[in-house]
Amino acid sequence: MSQKQRPLSSLSAIASLLFSSTANVTATRPQRRQPFPTHISHETDAHTVNSFAQRHNLPIPPLISRKARRRMQSTENETESLDTIISEAKAGQDPNARLRNDLLWNTPYDRNSYPWEYAWTSDYNANNNNNNNNNTNLTGLPVEMRINFHRVYTVDVINPVLDLIVWFELTWIDPRLTWIPSEYGNHTKVWFWISSGGAGGETSEIWTPDIELWNLDQGLAESLEDSYAGVSYDGSVYWSRPGHLRPACKYRGLEKFPFDELGCTMELGSWVYSGKYVRLVKGGEDEMGFSIGGSQTAGESYNEFTFVRDDPITAEVHIYPQFEEGWPVMFYNVTLERAWQPYARGYIYSQVLISIIGFSAFWLPPSCGERMGLSITSMLASIASDIVIAGNLPQAKELTWFQKFSFTTSTFTFLALIESVVVLYFFYKRSEDCVPKWYTQIKEWRVVKKAQKRSSDLLSESRKTVQRTAARAKETMTNLETVMNLGSIQEGASDDEGEGSDVEPQDNGQRNANGRRGSLGMRNQFERAESSFLMRDVDDFLNEEEFENNLKWKRIAARVDDVSRNIFPLTYTIVLAVLLAEIF
């Protein structure tokens, strides 16, 4: 080559180099409004068929080759060679490690963002053939949700919170996480760690939809365990986590306690993304969105609450139309049945027995002191049973079946106690009528009030009367002194006439005897009046009139007992049958 041709060849080489660089840059730059670079190719084997994309009418995401990923980097492209593979193998990078590095580090992957255009592309192709940019028909990325209900953990109707042990499963597709298995040792699946319940965790590696329990007592990030998500080479992501679901429930069916079937609705959905970006669908092979049990440790034994046998769980998708873009949520309706046998044995049966024991007091004679004790004990036992059950129920205005039953039992035991009081009252009664003493006192009080109006006149009149009485008493005393003086003079004269007269001793003896008889009569009257205020037995009567009155009231007490022996048990049985009819 001559010296003149050398500069020309150098310039042509530089031009060709610049042209090739420009072509490479142009080739590696993605086109606008296309979800993937144009240089990404598909494999033609059957493994590229994406079942998730087919179920939701989405375009199958292309499998991104390793070379294409390296060309997507901002650094210079590297040439794949045997030397590179050998050097990576010597560094301990097996195909799985190389795959993880290529998916996360060798490509511009952002765990906090998602290429939503992938979901929108199918809508554009179906509804906007003229490349119209109207987004009103965008339905968002489908996210399949499936919950395996492992067992019922606790049911708290007072707070109220339901605690379920579940396996929470989500499935979606991420077109950035595809690869050609033949370039990575035929690996078709890889796992990525997700922490803190989603992509926001410090150690989370990939994006996840922010599905949250809306009526939560505890968030999913706290109640579910962190775990790995499995990613297939076609971009489908399967994320399963064990843990608890703790919704704050608005219970249904509690009014039939303890024969109730409690219903609780759980509401789950994305907290940030509307239906334009995330679309919830029912997951699973049967597309029901849930399953029950499936392992040997699932289910309940010796537990108060279990899932009902017929349709224990239903799942439905609901879209709130209040928002312009729509906000989809998933409703899970869970129905639980309570073990009513412990309540029937421990409380209902015991309260029925307590009522029967309270009614048995009607067969005891009123003179038996244990009758009142039996009635009081029955009423207190019924109230104590009601207090124990009240601790298992919320303090609400609604009445449950057991509260109605307990109220009925307490009422009948209370009426049985009142009946015993009434019978004893009539059994020991001696008066002629049933006019209460307070009524008499009120009448006397009214008389006193009327008398007080004339108090001034009566006071002045009484003063005059006292003055007249005092004057008469003074005159009487004067006359008495005169008589006594005359008597003493006559006595001296009789002594002078002679001794041995026995008239005066006879008069004195008669006077002393009359005085003793008078004092004894007054004492008997006082003792008789005092005895009327003392406690007496049923047969201690002061006169025949009290005996006849008491006999009349005893007949009434016997009639009350006769009626109560029939009316109380019969009425209680009818009311109990009506209450049981509400359940069965």
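Throughout, residues of each chain are indexed from 1 in the direction in which the sequence is written. Per-residue local features are limited, in this predicted model, to residues with pLDDT of at least 70; the limit for side-chain atom pairs, both in listing and counting, is 80 or more; totals at the level of whole chains, interfaces and linings are taken over all residues. Note that water and hydrogens are dropped before the side-chain values are worked out from all heavy atoms of the structure.

K.L.:
Describe the overall build of the protein chain, and please don't skip the residues or the numbers.
P.N.:
A helix here means a DSSP run of H or I that spans at least four residues, while a strand means a run of E at least two residues long, and both kinds are numbered starting from the N terminus. For the protein chain, the helix and strand inventory stands at 14 helices and 12 strands. In what follows, a contact means two residues having at least one pair of non-hydrogen atoms within 4.5 Å. Considering only contacts within the protein chain whose residues lie at least 6 apart along the sequence, 75% involve residues at least 24 apart. Here, Shrake-Rupley sampling with a 1.4 Å probe gives the accessible areas, and only protein chains in the shown set may cover a residue. Counting every atom, the protein chain has about 35,800 Å² of accessible surface; 55% of that belongs to carbon and sulfur.

K.L.:
Describe a positive patch on the surface, with residues and values.
P.N.:
The patches described consist of residues with a relative accessible area above 30% and no salt bridge, like charges being joined within 9 Å and nonpolar side chains (Val, Leu, Ile, Met, Phe, Trp, Tyr) within 5 Å. Any carboxyl oxygen of Asp or Glu that lies within 4 Å of a side-chain nitrogen of Lys or Arg is treated as forming a salt bridge with it. Positive residues here are Lys and Arg, negative ones are Asp and Glu, while His and the chain termini are left out of the count. Lysine's charge is taken at NZ, arginine's at CZ, aspartate's at CG and glutamate's at CD. Together, Arg-446, Lys-449, Lys-450 and Lys-453 line one region of the surface with positive charge. Along the chain, the position of Lys-450 falls in helix 11 (residues 437–453). Overall, Lys-450 belongs to the exposed group, its relative accessible area being 55%. In this scheme, a residue with accessible area under 20% of its type's maximum is buried, one over 50% is exposed, and one in between is partly exposed, where area comes from a 1.4 Å probe on protein chains only.

K.L.:
Mind laying out the UniProt feature "transmembrane region" (unreviewed entry) in the protein chain, listing which residues take part and the relevant values?
P.N.:
According to UniProt, the feature "transmembrane region" (unreviewed entry) maps to residues 346–365, 372–393 and 405–428 in the numbering used here. Between the end C-alpha atoms of residues 346–365 there is a gap of 32 Å, over a span that is 70% helix and 0% strand. Taken as a whole, residues 372–393 contains 86% helix and 0% strand, while its terminal C-alpha atoms sit 32 Å from one another. UniProt positions are given in the numbering used here, feature names are shortened, and annotations may be inferred rather than shown by experiment.

K.L.:
Please set out the pattern of salt bridges residue by residue, giving values where relevant.
P.N.:
Enumeration over the complete set of coordinates arrives at 12 salt bridges. The partner of Arg-338 in a salt bridge is Asp-260, with the nearest N and O atoms 2.8 Å apart. One end of the pair, Arg-338, is in strand 12 (residues 327–338); the other, Asp-260, is in the loop between strand 6 (234–245) and strand 7 (261–270), and 78 residues separate them in sequence. What makes Arg-338 buried here is its relative accessible area of 8%. The salt bridge involving Arg-338 is made with Glu-304; its shortest N-O contact spans 2.8 Å. One end of the pair, Arg-338, is in strand 12; the other, Glu-304, is in the loop between strand 9 (290–292) and strand 10 (305–307), and 34 residues separate them in sequence. Residues joined in a network through salt bridges with shared partners are Asp-260, Glu-304 and Arg-338.

K.L.:
Can you lay out a nonpolar patch on the surface for me, pointing to particular residues and giving the numbers?
P.N.:
A surface patch of nonpolar side chains, amounting to about 350 Å² of accessible area, comprises Ile-376, Leu-380, Ile-383 and Ile-387. Assessed through its relative accessible area of 35%, Ile-376 is described here as partly exposed.

K.L.:
Quick rundown of the state of the cysteines? Include the residues and the values.
P.N.:
Note on terminology: pairs of cysteine sulfur atoms within 2.5 Å are recorded as disulfides. Under the definition given, this model contains one disulfide. Here Cys-249 pairs with Cys-264 through a disulfide, and the sulfurs are 1.9 Å apart. An S-S torsion of about -75° defines the bridge between Cys-249 and Cys-264 as left-handed. Taken together, the positions of Cys-249 in the loop between strand 6 and strand 7 and Cys-264 in strand 7 put the pair 15 residues apart, joining distant regions of the chain. Exposure class is identical for Cys-249 and Cys-264. Each is buried.

K.L.:
Tell me about the packing of aromatic side chains, residues and numbers included.
P.N.:
Stacked, tilted and edge-to-face pairs are distinguished by plane angle, under 30 degrees for stacked and over 60 for edge-to-face with tilted covering the rest, among Phe, Tyr and Trp rings (Trp via its six-membered ring) whose centres lie within 6.5 Å. Applying the stated rule across the entire model yields 28 aromatic pairs. Here the aromatic rings of Phe-359 and Tyr-572 are separated by 5.8 Å at their centres, their planes lie at 75°, and the arrangement is edge-to-face. Here Phe-359, found in helix 8 (residues 341–359), pairs with Tyr-572, found in helix 14 (residues 544–583); they are 213 residues apart in sequence, far enough to count as distant. Both residues of the pair, Phe-359 and Tyr-572, count as buried.

K.L.:
So what's going on with the nonpolar core? Which residues, and what values?
P.N.:
Counting residues in hydrophobic clusters, the biggest one holds 85 residues, and the most contacted among them are Phe-149, Ile-206, Leu-268 and Tyr-332. Ranked by residues supplied to this core, first place goes to strand 2 (residues 161–178) with eight residues. Those residues in contact with Phe-149 that sit more than four places away from it in its chain are Leu-164, Ile-165, Val-166, Met-266, Phe-290, Ser-291, Ile-292, Gly-293, Phe-307, Ile-313, Tyr-332 and Val-334. The term nonpolar core refers to a set of buried residues drawn from Ala, Val, Leu, Ile, Met, Phe, Trp, Tyr and Cys, joined through side-chain atoms within 4.5 Å.

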